[in-house]
Each structure stands twice: as structure tokens, then as C-alpha cells.
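Each chain, letter by letter, is given below.
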Amino acid sequence: MELRDRSGRGREATLFRSGADRVPRGLGEVHVLDAFCPHLGAHLGVGGKVVGDSIRCPFHGWRFSGDGECLEIPYAKRIPGNARADAYPSREQAGLAWAWYHPQRAKPRFEPLEIPEYHTEDWAEEWTHYAWMIQTHPQEVAENSVDWPHFHTVHMMEPPPERDVRFEGHEIRCEAATRKQVTTMDGVPDEIRVIGRNPGLGTSYVRYSGMGETVIIMGMTPIDNDTMHMRFGVIGKKDGRTDEEMAAFIKLYADDMALAVEQDFPIWENKVYRSTPNLCDGDGPVPDYRRWASQFYVES
Ligand code: FES
Ligand SMILES: [Fe+2]
């Protein structure tokens, strides 16, 4: 019989809101800890209890603060100096919880972007969201946005005729304009403008204007070596629509966008990564993209 050592697998994390036992649901501060207790390895997220601003392990009752400090051992006179749970720096921004992972525990290099539209008047209250588990890597997802020729073959649309992509520090910034036949909105062709920002490989923020104004956020979370959790959320500007009209508009719009996202899945799930691809003059700025992406890796 083998003892269960999960060290060779992907990491697991436990997310909790401090004060979840005393504040109304959803208002406590978000904390992310390594899931396995530093004592004897119980999973803090399975049976653990939030106590004020801390979480109590279900196995022997050790209690940890949101930054991992051991606050109490109910049966010990002294807390060992190395009794710490690994904590991931975390933030909550526009209704989204973020955690920063660095294999050498380096501090966050950048903050999540603000989304000023969120929770302002005339914008949809909450994200309409979708999630998938896909067999791919986050780097493949962002590469897709600068890979122009695939728009035609995979998404049945012309690549944006006007486009400007810049790789600046930890961000990709892009602006594009295209005319797309929008089948879900009476089939009326409309000029769509897209402004995108990708801070790092784990997320992208896109603002669309055309038949409506929307903000789309995508989150790409690697789960293990082969699997990625992908999230996609949309908020839209009401522009005089009633709540029901808005809900119907966002549903049609987001379903259409989600279908476009799904069109890439069979390619991503079955492709290999070519580190020295054969490119031609019509390809997008793939080499620039890859140079940019390399800043998010460290020597193992
Ligand atoms: S394993 Fe968590 S307190 Fe013992
Ligand atoms: Fe694509």
C-alpha cells in the first residue's frame, strides 16, 4: 500500500473569506492557502472551519490566519516556529478573486486591472459567466489572439483589417476593428472595435463596442500539466434597455462569444507545441508574442 504523497501532482489551494462566520455571505476578505495543513497534511478545504479571520484545520484544530501564520494549537503550550501554511497573495477586484503563484514565492509583479464599468449605473450588475476544463496550456490561449490566419479557418471570420498589437512589459495591448456578421442580433453586420489587455498569461480583459458596449474577462488557470480551467465573464452597458432586455441581450451575446471560444478547443486539445515553428509572411507576430511570454517562466 502506498502512502498518499501529492507532491508530484498539481497543487491544491483552499480559498476562504475571513469573517465568513459573522459577516453576510460574500463580504469577508478573500484568502488563499495551500490546501494541505503543514502539521499532518489534512485538506483545510474539506471540513476546515472559518473562525473569525482564520481557518481551523479539521484534523487537530490548528488555526491559521489568512497569511498562513499559525495562531493557535489547542493542545500545545508553544507554537513551533515553522508552523506556517503556505499563502498565496490574493486580491478581490470587480467581483473576481485572484491569487498570485510564483514557484520561488516572489511577490506579485503586477496587480489585477481595475474594471471601472463594474457596479456602475447603466452597466449589468453581475458577470454572465461560463467555465470549461480543457486539455491545454494558458500560453496557447493568448497566442490565439495574435494568430490572425486562424480567424478565417476556425472562426469563419476575417481577421481584423485594422489591428495594432504591442508587447509592453508584462502586458499585451491590442486594438482592432472588424466588420462581423453578427447572426444573433438580426444578422445585421456591424463595425466592432476591440481593445484588449493581457496582463500576464493568466487573464485577458477585452472591451468591445459595436452593437453594444461590453467588457469581457477571461481567466486561464492551469490545473495540472495537461489541464486548464478557463473562465469567461461578460458585463454589458444597458443603453436604455430594461433589465429583461438587458438579460436577453447579454445571454445572446455571451452565448455567441462562448461558441467562438469553443471553436478553438479541438485545435488546442489535440495540437503539440512547436518551439521552432515554420512561419510565413502572413502569420501574426508569433515570435514577438513568444519572446514576451518567456518572461513568465523561471528556471526549474
Ligand atoms: S493536520 Fe491540520 S491540525 Fe493536524
Ligand atoms: Fe481562436
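Sequence order sets the numbering: in each chain, residues are counted from 1 along the sequence as written. All chains are assigned letters beginning at A, and all ligands numbers beginning at 1, according to the order in which they are written. Side-chain atom pairs in this predicted model are given and counted only at pLDDT of 80 or more, local residue features only at pLDDT of at least 70, and totals for whole chains, interfaces and linings cover all residues.

### Overview of the overall build of the chain
Rule in force here: Helix and strand definitions here come from DSSP, where helices need a minimum of 4 consecutive H or I residues and strands a minimum of 2 consecutive E residues; each element is numbered from the N-terminal end. Between the buried cut of 20 or more and the exposed cut of 12 or fewer other C-beta atoms within 10 Å of a residue's own C-beta lies the partly exposed class, and all C-beta atoms are placed from the backbone. C-beta atoms are first placed from the backbone for all residues, and any pair lying within 7 Å is then listed as a contact.
Helix and strand content of the chain: five helices and 16 strands. With the C-alpha coordinates aligned to their principal axes, the bounding extent of the chain is approximately 70 × 50 × 40 Å. The burial tally for the chain puts 21% of its 300 residues in the buried class. Taking all contacts inside the chain whose residues are at least 6 apart in sequence as the whole, residues at least 24 apart take part in 46%.

### Topic: the sheet that holds strand β6 (residues 70-72)
How we decide: Two strands qualify as a pair provided that DSSP identifies no fewer than 2 bridges between them. The axes used here are C-alpha line fits, helices contributing only the stretch in contact, and every angle between their N-to-C directions lies in the interval 0 to 180 degrees.
Pairing in this open sheet of four strands is antiparallel, and the strands run β3-β4-β5-β6 from one edge to the other. The open sheet has two edge strands, β3 (49-51) and β6, and neither has a second partner. Each strand axis lies, on average, 35° off the axis of its neighbour in the sheet, ignoring direction. Strand direction decides the pairing type here: strand β5 (residues 63-65) and β6, joined by two bridges, are antiparallel.

### Regarding the domain arrangement of the chain
Quoted interface sizes are often the accessible area lost when the parts come together. Note the threshold: What fixes the domain bounds is an automatic or database domain assignment.
Here the chain is partitioned into domain 1 (13-88) and domain 2 (128-296). Relative placement of domain 1 and domain 2: their C-alpha centres are 37 Å apart.

### Examining the pairing of strand β16 (residues 228-236)
The sheet contact formed by strand β10 (residues 128-134) and β16 spans seven bridges and is antiparallel. Looking at the pairing, Ile134 lines up with Met228 of β16. Sheet analysis places strand β15 (residues 213-222) next to β16, joined by nine bridges and oriented antiparallel. Looking at β16, one finds that Met218 is bridged to Phe232.

### Let's talk about the nonpolar core
Quick reminder of the rule: Joined through C-beta atoms within 7 Å, a set of buried Ala, Val, Leu, Ile, Met, Phe, Trp, Tyr and Cys residues constitutes a nonpolar core.
Counting residues in hydrophobic clusters, the biggest one holds 27 residues, and the most contacted among them are Ile216, Met218, Met220, Met230, Val234, Ile250 and Tyr253. Counting residues per element, the ones that place at least two in this core are α1 (138-144), β12 (171-181), β15, β16, α3 (243-263) and α5 (286-293). If we ignore the near neighbours within four places in the chain, the residues touching Ile250 are Ala124, Thr128, Val234 and Gly236. Phe36, Cys37, Cys57 and Tyr88 belong to the second largest nonpolar core, which has 14 residues in total.

### Digging into the sheet that holds strand β2 (residues 30-34)
Here we have three strands laid out as an open sheet, ordered β1-β2-β7, and antiparallel in their pairing. For this open sheet the edge positions go to β1 (13-17) and β7 (87-88), each flanked by a neighbour on one side alone. Bridge analysis of β2 against β7 gives two bridges, and the strand direction is antiparallel. Its bridge partner being in β7, Val32 is matched across the sheet by Tyr88.

### Points about α3
Heads up, the condition is: In this analysis, the expected span of each helix is defined as 1.5 Å times one less than the number of residues it contains. Think of the arc as the fan of directions from the helix axis to the C-beta atoms.
For α3, spanning 21 residues, the distance from its first C-alpha to its last is 30 Å, which sits close to the expected 30 Å at 1.5 Å a residue. Where α3 is concerned, the buried positions are Met246, Phe249, Ile250, Tyr253, Ala254 and Met257. Looking straight down α3, one finds that the buried residues subtend no more than 115° of arc, so they occupy a single side. Of the residues in α3, the exposed ones pointing more than 90 degrees away from the buried face are Glu244, Ala248 and Leu259. Tucked into the core, α3 has its buried residues touching β10, β15 and β16.

### Digging into the environment of Asp67
Position of Asp67 among the secondary structure elements: in the loop between β5 and β6. When the C-alpha positions of Asp67 and Ala42 are compared, they lie 18 Å apart, and in sequence the two are 25 residues distant.

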